[in-house]
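Chains, contacts and geometry: an overview
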Amino acid sequence: MLPEADHKDDDLKPIRVEITVPVEPEYAFEAFTNGFGNWWPTDSHSLARENCKSVEINPGLGGKIVEHAKGRDPVVWGTVDIWQAGEHVAFTWHPGWEEGAYTRISVTFEQNAFGRCVIRLKHWDWQNLGEIAPMVRDGYESGWKYVFEQCFANYLTAKRH
């Protein structure tokens, strides 16, 4: 029984993605949070797709991550439970899911010895999704590579120059 449990845990291990960009941590934090709707690819990664008007993170502890779409009520994607400006933001994540079926995301912002910002995203708590968790996790593994490593990183560097 124990080896099976270990295998199941491997299927649900946290997703970790890291980027390093030539900006200050405070700038990157502001772009990730207050600029969320500017870099998030709503055409491919939202519930409403082409009808999505915006996605935003309302700042501060308890702030909601909300999708706004034409002809629909706003949909809450998650709730901020850590807000340390310039350093760390964390939130529950349940875009279009029942609120009890959530995962968690944490993003940290640190300056390295070369004056660049190292931004680390961790996405976990897959077990809250039940039997579909491994499939959902697999989708997010490639999804974060696109959304975080490409969309967010490109937004940071393009906006800065």
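Below you will find a few notes about this structure. (Residues numbered from 1 in each chain as written. Predicted model: local features only at pLDDT ≥ 70, side-chain atom pairs only at ≥ 80, totals over all residues. Heavy atoms only, no water.)

Considering the pattern of salt bridges
The tally for this structure, following the rule as stated, stands at 5 salt bridges. Where Glu 18 meets Arg 120, a salt bridge forms, and the shortest distance between an N and an O atom there is 3.0 Å. With Glu 18 in strand β1 (residues 15-21) and Arg 120 in strand β7 (residues 117-124), this residue pair connects regions lying 102 residues apart in the sequence. Note on Glu 18: relative accessible area 45%, which makes it partly exposed. (Salt bridge = Lys/Arg side-chain N within 4 Å of Asp/Glu carboxyl O. Helix = DSSP H or I, 4+ residues; strand = E, 2+ residues; numbered from the N terminus. Buried < 20%, exposed > 50% of the residue type's maximum accessible area, 1.4 Å probe, protein only.)

Section: the environment of His 123
Within the element layout of this structure, His 123 appears in strand β7. Separated by 18 residues in the primary sequence, His 123 and Glu 141 have C-alpha atoms spaced 9.1 Å apart. In this structure His 123 touches Pro 14, Ile 15, Trp 93, Thr 103, Arg 104, Ile 105, Tyr 140 and Trp 144, once residues within four positions along its chain are discounted. Here Trp 144 takes part through its side chain, which lies 2.7 Å from a polar atom of the side chain of His 123. (Contact = heavy atoms within 4.5 Å. Polar contact = N/O pair within 3.5 Å; in protein donor to acceptor, adjacent residues only side chain to side chain.)

Things to note about the packing of aromatic side chains
Summed over all chains, the structure comprises 20 aromatic pairs. Here Lys 122 stacks its cationic end above the ring of Trp 124, 4.5 Å away from the centre of that ring. (Phe/Tyr/Trp six-rings, centres within 6.5 Å; stacked < 30°, edge-to-face > 60°. Lys NZ or Arg CZ within 6 Å of the ring centre and 35° of its normal.)

Points about the environment of Arg 104
Topologically, Arg 104 is positioned in strand β6 (residues 103-111). Once the C-alpha coordinates of Arg 104 and Ile 65 are considered, the two residues, 39 residues apart in sequence, prove to be 13 Å apart. Leave out the neighbours within four places in its chain, and Arg 104 touches Asp 81, Ala 90, Phe 91, Thr 92, Lys 122, His 123, Trp 124 and Asp 125. For Arg 104, the side chain forms a polar contact with the side chain of Asp 81, separated by 2.4 Å.

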